[in-house]
Amino acid sequence: MLRQALRLKSVVSPLASSFRAAAKLHTVPALPYTVASGAKPLLSPAALKIIYEDHQTGLVNRLNELIAGTPYEEKAFHEVLMDSARSLNEVQIFNNASQAWNNDFFLRTLSSAVEQKPMSEVLAKRISESFGSVEVFKREFTTNALGLFGSGWTWLVEDKDGRLVLLNTYNAGSPHHRRRMQREDETSTDHDFASAAQNPYSGASKFSAPAKLMANSSYVPILCVSMWEHAYLTDYGITREGREKYLNNFFKTVDWSVVESRVLRVGGF
């Protein structure tokens, strides 16, 4: 299924196996909650239907069309994602595979529970080690997401040194491979801005991943939010205030036990 791997080497995602049917076609795996229930308060049933049933199904169907009759047809989902990321000639295959993986990862971070379980002390400590406090993390994550101009994703990721940092990727950008992160700052210098003091909507944070990366660098995704318009337009509209409410409700809908399990899997505690 789409959670094929957080580092794509050591952490498995449900999308990989469900993406592989007897006809060697990838399929959309079921969510741990129903579309009819929504993922409240973040997503109404109508919004979830667009994201999951319409958008996700379209991505997977298009991917199957693109890989039919090619060597990718015999590959597991994570292999399609990573191998197409390394090839500049497979942009459409990568875009559909990566967007489907990102979308699934986002949706599996959410819970439909009426009452959200609080973040564990263990996870709160891990986040505080990198950000100073959970409150600072949420503020800086929101700043990065609001500063993302256009469609994309805001991520909490683990770097090669075990630090938790923030990352914005545009369009179908993936944290798994440097060549395919699709970041607007890929040609800029390293930054260390105090985002709240300089520009609350700049998207540049002192907790952001460095703009300059070593060759073959990648990050381990821990948490992400979709900043694609189809994710928030139905329930929140197009305004900045609407996106702020969307992000506020995102933190109210996160299943923190899922986030904790991802950190545990990459040896983050």
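This text goes with the structure placed above it.
Residues numbered from 1 in each chain as written. Predicted model: local features only at pLDDT ≥ 70, side-chain atom pairs only at ≥ 80, totals over all residues. Heavy atoms only, no water.

### Thoughts on the pattern of salt bridges
This structure, assessed with the given rule, holds 9 salt bridges. A salt bridge links Arg86 to Asp83; the shortest N-O distance between them is 2.9 Å. A residue is classified by how much of its surface remains accessible, and Arg86, at 46% relative accessible area, is partly exposed. With a shortest N-O distance of 3.1 Å, Glu158 and Arg126 are connected by a salt bridge. In this pair, Glu158 sits in strand β1 (residues 152-158) while Arg126 sits in helix α5 (residues 121-131), placing the two residues 32 residues apart along the sequence. (Salt bridge = Lys/Arg side-chain N within 4 Å of Asp/Glu carboxyl O. Buried < 20%, exposed > 50% of the residue type's maximum accessible area, 1.4 Å probe, protein only. Helix = DSSP H or I, 4+ residues; strand = E, 2+ residues; numbered from the N terminus.)

### So, the nonpolar core
Across soluble globular proteins, nonpolar side chains have a tendency to be buried as a group. One finds Leu43, Phe106, Leu107, Phe137, Tyr246 and Phe250 to be the most contacted residues of the largest nonpolar core, which totals 65 residues. Take this core: its biggest share by element is 9 residues, from helix α2 (residues 45-67). If we skip the residues at most four places from it in the chain, Phe106 touches Leu42, Trp153, Cys224, Val225, Ser226, Tyr246 and Phe250. (Core = buried A, V, L, I, M, F, W, Y, C linked by side-chain atoms within 4.5 Å. Contact = heavy atoms within 4.5 Å.)

### Some points on the environment of Asn103
Position of Asn103 among the secondary structure elements: in helix α4 (residues 91-107). Judged by relative accessible area, Asn103 falls into the buried class, the value being 1%. When the C-alpha positions of Asn103 and Ser226 are compared, they lie 7.3 Å apart, and in sequence the two are 123 residues distant. Leave out the neighbours within four places in its chain, and Asn103 touches Ile51, His55, Gln56 and Trp153.

### Regarding the pairing of strand β2 (residues 164-170)
Burial analysis of β2 places 7 of its 7 residues in the buried class, the great majority of the element. Burial of the side chains of β2 extends over both faces: Leu164, Leu166, Asn168 and Tyr170 are buried on one face and Val165, Leu167 and Thr169 on the other. Taken together, the 7 bridges between β1 and β2 define a ladder with antiparallel strand orientation. Bridged to Glu158 within β2 is Leu164. Counted between consecutive antiparallel strands, the loop separating β1 from β2 contains 5 residues, among which Gly162 sits at a positive phi close to 85°. (Pairing = 2+ DSSP bridges.)

No statement about biological role is implied by the geometric values presented.
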